[in-house]
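In case you want the letters, here they are:
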Amino acid sequence: GLDAVMLAAAVPAVTGAEVLELGLGTGAASLCLCARVPGLSLTGVEIDSAAAALARANAAANGAALDVVTGDIFDLPPALKRGFDHVLCNPPFHGPGQASPDGARASATMDGGRLMDWLKLGLQRTASGGYFTAIVRADRLTEALAVLPNKGVAIFPLWPRAAQPAKRVIVQVRQGSAAPAALLAGLVLHKADGGWTGRAEAVLRGGAALALREARL
């Protein structure tokens, strides 16, 4: 989905970095990141065994070195209870009354009141000087900011069209940074005619990165 692609595009990883994705799903975000940045050490954790199996198959089909761990992110194996250069997540962020009629999708998207726990865990697993990147619903940004540091935070809105309210926001934290928080210009996804804007097309079709580092975190 769009969220996973944009999340991956925002991660400022370089070759050789160690990357952890919390809530891997079928692997879309990690595989997009792997396609853009070669030579990463990628690990993803997914609680749903069927989704984890599909992530392994997707990684194999794409020749990606992605280590898929089936398990609960809140009960990580000892080997993963350490700092990573980059941690990313597309956490469940739907609340009461917003459940999908599809049971599997509802399970994957309902946060059960734990959105802030996901963000706290992401920060815990991010090494000093590393980056934690997450995508959340725009109307839950205040909740996200409540558990993130006051410094070293960049906020990157995804605008459906110019002059329309954002529905998704990417938040990124550089662990240990003393830089002031930054609200960035973000990205307009669609032109007036409904087509993708040039910048959105560059990410979706060309594998371009989103320059959140302009915030000087």
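Before any of the text, the structure's been laid out above.
A.B. asks: I would appreciate a short explanation of the overall build of the chain in the present structure.
C.D. replies: Secondary structure summary: the chain contains seven helices and nine strands in total. Here the chain holds 217 residues, and 47% of them are scored as buried. Relative to all contacts within the chain whose residues are 6 or more apart in sequence, the contacts with residues 24 or more apart total 70%. A total of about 10,000 Å² of accessible surface is found on the chain, and carbon and sulfur atoms cover 54% of it.

A.B. asks: Looking at this structure, how should I read the environment of Pro180?
C.D. replies: When you line up the elements, Pro180 lands in the loop between strand 7 (168–174) and strand 8 (182–183). Residues Pro180 and Val153, 27 residues apart in the sequence, show an inter-C-alpha distance of 7.2 Å. Those residues in contact with Pro180 that lie beyond four places of it in its chain are Lys151 and Val153.

A.B. asks: Looking at this structure, I do not really get the packing of aromatic side chains. What am I missing?
C.D. replies: Between two aromatic rings, the relevant description is the distance of the centres plus the angle of the planes. Overall, the coordinates contain one aromatic pair when judged by the stated rule. Seen in terms of ring centroids, Phe74 and Trp118 are 6.2 Å apart; in terms of plane orientation they differ by 85 degrees. Their pairing is edge-to-face. Separated by 44 residues along the polypeptide, Phe74 in the loop between strand 3 (66–70) and strand 4 (84–89) and Trp118 in helix 5 (residues 115–124) bring together distant segments of the chain. Positioned above the aromatic ring of Phe84 is the side chain of Arg82, whose terminal nitrogen or guanidinium carbon lies 4.2 Å from the ring centre.

A.B. asks: I'm lost on helix 1 (residues 2–10) in this one. Help?
C.D. replies: Structurally, the α-helix is built with 3.6 residues per turn, so residues lying three or four positions apart point the same way. Taking burial as the measure, the nine residues of helix 1 include eight buried ones, the bulk of the element. Burial in helix 1 covers these residues: Asp3, Ala4, Val5, Met6, Leu7, Ala8, Ala9 and Ala10.

A.B. asks: Would you explain the state of the cysteines in this entry?
C.D. replies: Cysteine pairs can be covalently joined through their sulfur atoms, and such a bond is termed a disulfide. Scanning the entire structure with this criterion turns up zero disulfides. Counting only cysteine sulfurs, Cys32 is the nearest neighbor of Cys34, a cysteine outside any disulfide, at a range of 10.0 Å.

A.B. asks: Explain the pattern of salt bridges to me, please; I cannot follow it from the model alone.
C.D. replies: Side chains that differ in sign of charge can pair as their charged atoms come close. If you walk through the whole model with that rule in mind, you get six salt bridges. When the shortest N-O distance is used, the salt bridge between Asp117 and Arg114 registers 2.9 Å. Residue Arg114 is classed as partly exposed on the basis of its relative accessible area, which comes to 36%.

A.B. asks: Explain the side chain of Gln172 here, please?
C.D. replies: Inspection of the secondary structure assignment puts Gln172 in strand 7. Within the structure, the side chain of Gln172 is placed 2.8 Å from the backbone oxygen of Ala10, a separation counted as a polar contact.

A.B. asks: What should I look at first to understand helix 5 in this one?
C.D. replies: Among all positions of helix 5, only Leu115, Trp118, Leu119, Leu121, Gly122 and Leu123 are buried. On its buried side, helix 5 packs onto strand 1 (18–22), strand 4, strand 5 (126–137), helix 6 (141–147) and strand 7.

A.B. asks: What is the right way to read the pairing of strand 7 from this model?
C.D. replies: Regular strands show a simple pattern: their side chains alternate between the two faces of the sheet. When you tally the buried positions in strand 7, you get five out of seven residues, the bulk of the element. Relative to strand 7, strand 5 runs antiparallel, the two sharing seven bridges. Following the sheet pairing, Arg137 is matched in strand 7 by Arg168. Examined bridge by bridge, strand 6 (residues 153–161) and strand 7 share six bridges and lie antiparallel to one another. Paired with Pro157 across the strands is Val169, a residue of strand 7. A loop of six residues connects strand 6 with strand 7, the two strands running antiparallel in sequence, and Ala163 in this loop sits at a positive phi of about 70 degrees.

Conventions and cut-offs
- Residues numbered from 1 in each chain as written.
- Predicted model: local features only at pLDDT ≥ 70, side-chain atom pairs only at ≥ 80, totals over all residues.
- Heavy atoms only, no water.
- Helix = DSSP H or I, 4+ residues; strand = E, 2+ residues; numbered from the N terminus.
- Buried < 20%, exposed > 50% of the residue type's maximum accessible area, 1.4 Å probe, protein only.
- Contact = heavy atoms within 4.5 Å.
- Areas by Shrake-Rupley, 256 points an atom, 1.4 Å probe, with all protein chains shown as cover.
- Phe/Tyr/Trp six-rings, centres within 6.5 Å; stacked < 30°, edge-to-face > 60°.
- Lys NZ or Arg CZ within 6 Å of the ring centre and 35° of its normal.
- Disulfide = S-S within 2.5 Å.
- Salt bridge = Lys/Arg side-chain N within 4 Å of Asp/Glu carboxyl O.
- Polar contact = N/O pair within 3.5 Å; in protein donor to acceptor, adjacent residues only side chain to side chain.
- Pairing = 2+ DSSP bridges.

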